[in-house]
Structures are given as C-alpha cells and as structure tokens.
Amino acid sequence: MDSAADKRVNGMQVCRAEYRAIGRFVEQLRPTRQCMKTLQTQFPHLPPSTLLSIFSQEYQKRMKRSMGRHHAPDVVKAYYQRYRSEAKTRPTAPLLLELANQVDLSPALLARLIVECFLEEREASVPASRHILNNMLREPYSIPDLLLAKHVEQCTVNDCCYGPLVDCIKHAIGLEHEDLLRDKLRERSLSFLDENQLRVKGYDKTPDIILEVPIAVDGHIVHWIESKASFGDDHSHRTYLNEQFWSYCNRFGPGLVIYWYGFVSELDCQRDRGILLRDGFPSDIVTLCQGPARS
C-alpha cells in the first residue's frame, strides 16, 4: 500500500486522493485563525496559502449545501431571538461568533442574517435594501445599535472565508498575481496584450493575457495565459473549463492556466486539447521564433 508521502506531487500540486483526505479533515473545522494552525500541523508539507485556499473552497461548498436550512424563516427568527436575549445577559461575550460555531454557519453569513432581521424589525417588516445592508456589513459602526455593531465587526474580522474584508483581500490578491504575471512576461521580453488592452480593442470575456508571439511550454504551444490566485480543485476547474477555458481555446488557440496556489495533479489532463496547467510561472519557455526565452 502506498504511503501518503508516495502519493504527493512535487510543488503545490496534490493528487486527488490526498485532496480528498484534506477535504474530509476540514469538515470538522470552522473558519477561524486557529483552524489554519490546525491545518498546517496536519499537512506541514503544503504552503499555508495553499491550505487556506483549499479550506476556503471546501468551506464554501459546505455552506452552499446547508444554506437552505439556515435561511428557513423560522430558523432565522430563532437565531435573531436568541441573539437579542443573550445580548441582554452577556453583552460582552462574542455572541454571534459562538452562535455561528454552534450551528456551523459562517460568522459573516450569520451576521448578515442578524442585521437583516434587525433592519426589518426597525422598519416594520419592510425588507432592507441590499445597498443599506451591504454598507452596514462593510462599516459595522453605521449600524444604529452599537452592541450589534461590535458583534458584527467580530464576525467580519474572524471569518477567513466570507464577508466584506475577505472579499477585499481576495480582490487585492487576484490583482497582485495578475501584476506578477505581467512582470514575469516583461522580464522575459515577451510581447503581450492584457485584459484591459483587449477590452479597449472591443473584446469581451478574454483571458488575462494574450501573447502577441506564441510560446512553447513543456512542448505545448501557448497563445494565452490565465491567472488564478486560488487552488484548482475538481469543482472550480470544471466550472472554469465550461465558463472560460474552452471558450478561450476556441477563440485564441491553446493556452496556459496558472493556479498560483496549486491544483489537483490529475486535472492536468487536457494538454492535447489545448489547456496546460502550472502552479507558477514556467521557467521552460521557448519562443517560437527566437529559441529559449531569456530568464
């Protein structure tokens, strides 16, 4: 029988068997800083950024499976009544964090439900506008109940998978890796058009980069490059294939997808159909007219 070490793939690639083992392990975890320490102890051979990406994606799947149960009107009402009751007796306790942990719901998602109930109560059952609700979640101290504002802020700060803070961080990380990709291309004197330049030219739904001169990577022709600041698992990769990658292949030819935080190694099986996967910028680049690109 193969050992776990034998099943690992070099770099940030993980075989499907190990990915499933990680998935089973994270089922017991909640989206807190402590959970990341637990993951790093359990899987020390993987970078923290890879583990966070895997956990975030698996946790989001878990939340989607249970969303109907948490959003049932009687359940939401019970959550809100419990919060209001305990806020009178234990105002300094992290009430929403405790409740989120007990019912296995993202703290940020629970905070959203509670604020929505609070606004409906204040406005005589008129549903709060999405704009007002989102603003209060982004800026908790705009909530006209300072105790609730404090508890909502605790949820936002302590949730590593959902909420406005996480959304901002993910957006910034995505832009950072797109900048990194452009810098790597410039370092190797490779001519390209990025997404913004392509949009000006009238293209829609384009990859992050289209190379003006194709390159070869590991013997495969590459016309375009897509940057993904995440881990490539079966679910996300299948979604990207159907919504983006196959379309790019049909319009621009074969290309390269970089999952900066790694991917399930078995997914790199579409090379003959025009999609090559890497977990970083390739060093083995050959330009089709000039030979090996300058490192």
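Residues numbered from 1 in each chain as written. Predicted model: local features only at pLDDT ≥ 70, side-chain atom pairs only at ≥ 80, totals over all residues. Heavy atoms only, no water.

### A few points about the overall build of the protein chain
Of regular secondary structure, the protein chain possesses 12 helices and 9 strands. In the protein chain, the share of contacts with a sequence separation of at least 24, taken over all contacts with a separation of at least 6, comes to 62%. Within the structure as shown, the protein chain displays about 15300 Å² of accessible surface, and the carbon and sulfur contribution to it stands at 51%. One finds the centroid of the 38 positive side-chain charges in the protein chain at a distance of 3 Å from the centroid of its 38 negative side-chain charges. (Helix = DSSP H or I, 4+ residues; strand = E, 2+ residues; numbered from the N terminus. Contact = heavy atoms within 4.5 Å. Areas by Shrake-Rupley, 256 points an atom, 1.4 Å probe, with all protein chains shown as cover. Lys, Arg positive; Asp, Glu negative; His and termini not counted. Charge placed at Lys NZ, Arg CZ, Asp CG, Glu CD.)

### What about the environment of Lys201?
Within the fold, Lys201 resides in the loop between helix H11 (195-200) and strand E3 (209-217). Measuring from C-alpha to C-alpha, the distance between Lys201 and Val222 comes to 21 Å, with 21 residues separating the pair along the chain.

### Examining the environment of Pro44
With respect to the helices and strands, the residue Pro44 is situated in the loop between helix H3 (33-42) and helix H4 (48-70). When its relative accessible area of 63% is taken as the criterion, Pro44 is described as exposed. Each C-alpha atom of the pair Pro44 and Glu18 lies 13 Å from the other, and the pair is 26 residues apart in sequence. (Buried < 20%, exposed > 50% of the residue type's maximum accessible area, 1.4 Å probe, protein only.)

### Concerning empty space enclosed by the protein
Take a probe with the size of a water molecule and roll it over the atoms, and the empty space left behind shows itself. This model, assessed by the stated rule, comprises 1 cavity of 30 Å³ or more. Its boundaries defined by the atoms lining it, the largest cavity holds a volume of some 40 Å³. In this structure, the largest cavity is lined by Glu178, Leu181, Arg182, Glu195, Asp208 and Ile209. With 3 residues, the top contributor of residues to the lining of the largest cavity is helix H10 (residues 164-187). Taken together, the residues of the lining of the largest cavity break down into 2 nonpolar, no polar and 4 charged. (1 Å grid on protein atoms, 1.4 Å probe; cavity = no way out; pocket = protein on both sides within 12 Å on 5 of 7 lines; lining within 4 Å. Points joined across faces, edges and corners; volume = space filled by probe spheres on them. Nonpolar A, V, L, I, M, F, W, Y, C, P; charged D, E, K, R; others polar.)

### A word on the pattern of salt bridges
The final tally for this structure, using the stated rule, is 19 salt bridges. Note that Glu86 is salt-bridged to Arg82, the shortest N-O span being 3.5 Å. With Glu86 and Arg82 both in helix H5 (residues 73-89) and 4 residues apart, the pair spans about one turn of that helix. On the accessibility criterion, Arg82 (31% relative accessible area) is partly exposed. (Salt bridge = Lys/Arg side-chain N within 4 Å of Asp/Glu carboxyl O.)

### What to know about the layout of surface pockets
Estimates place the volume of the largest pocket at around 1100 Å³. Along its surface, the largest pocket is lined by 40 residues, and Ser53, Ser56, Lys170, Ala229 and Ser230 are the ones closest to its centre. For the lining of the largest pocket, the secondary structure elements donating two or more residues are H4, helix H9 (146-158), H10, strand E4 (220-228) and helix H12 (234-252). No other element matches the 10 residues that H10 contributes to the lining of the largest pocket. Classifying every residue of the lining of the largest pocket gives 13 nonpolar, 17 polar and 10 charged. For the second largest pocket, the lining is made up of 13 residues, of which Arg112, Leu137, Gly163, Pro164 and Asp167 are closest to its centre.

### A few points about helix H2 (residues 16-26)
For H2, the complete set of buried residues consists of Glu18, Tyr19, Ile22, Gly23, Phe25 and Val26. Around the axis of H2, the buried residues are gathered within 165° of arc, so they sit on the same side. For H2, the exposed residues lying more than 90 degrees away from the buried face are Arg20 and Arg24. As for H2, its buried residues are in contact with strand E1 (13-14), H3, H4 and strand E6 (263-264). (Arc of directions from axis to C-beta.)

### Structural notes on the packing of aromatic side chains
Under the counting rule described, the total for this entry stands at 10 aromatic pairs. Centre to centre, the rings of Tyr203 and Phe252 are 6.0 Å apart; their planes meet at 55°, and the pair counts as tilted. Remark: Phe252 occurs in helix H12 and Tyr203 occurs in the loop between H11 and E3; sequence separation between them is 49 residues. Take Tyr203: its relative accessible area is 36%, and that puts it in the partly exposed class. Ring-pair connections join several aromatic residues into one group, and the members of that group are Trp224, Tyr240, Phe245, Tyr248, Tyr259 and Phe263. (Phe/Tyr/Trp six-rings, centres within 6.5 Å; stacked < 30°, edge-to-face > 60°.)

### Points about the confidence of the model for the protein chain
Model confidence for the protein chain is summarised by a mean pLDDT of 91, while 92% of its residues fall at 70 or above. Within the model, the stretch residues 1-10 combines pLDDT values under 50 with 7 contacts to residues more than four positions away or in other chains. (pLDDT = per-residue confidence, 0-100.)

### What about a nonpolar patch on the surface?
Side chains of Val157, Leu165 and Ile169 sit close together on the surface and give an oily, nonpolar patch of about 230 Å² of accessible area. Locating Ile169 in the fold gives a position in helix H10. (Patch = residues over 30% accessible without salt bridge, like charges linked within 9 Å, V, L, I, M, F, W, Y side chains within 5 Å.)

### Overview of helix H8 (residues 130-138)
Where H8 is concerned, the buried positions are Leu133, Met136 and Leu137. One side of H8 holds all its buried residues, which, seen down the axis, span an arc of 100°. In the core, the buried residues of H8 are packed alongside helix H7 (107-122), H9 and H10.

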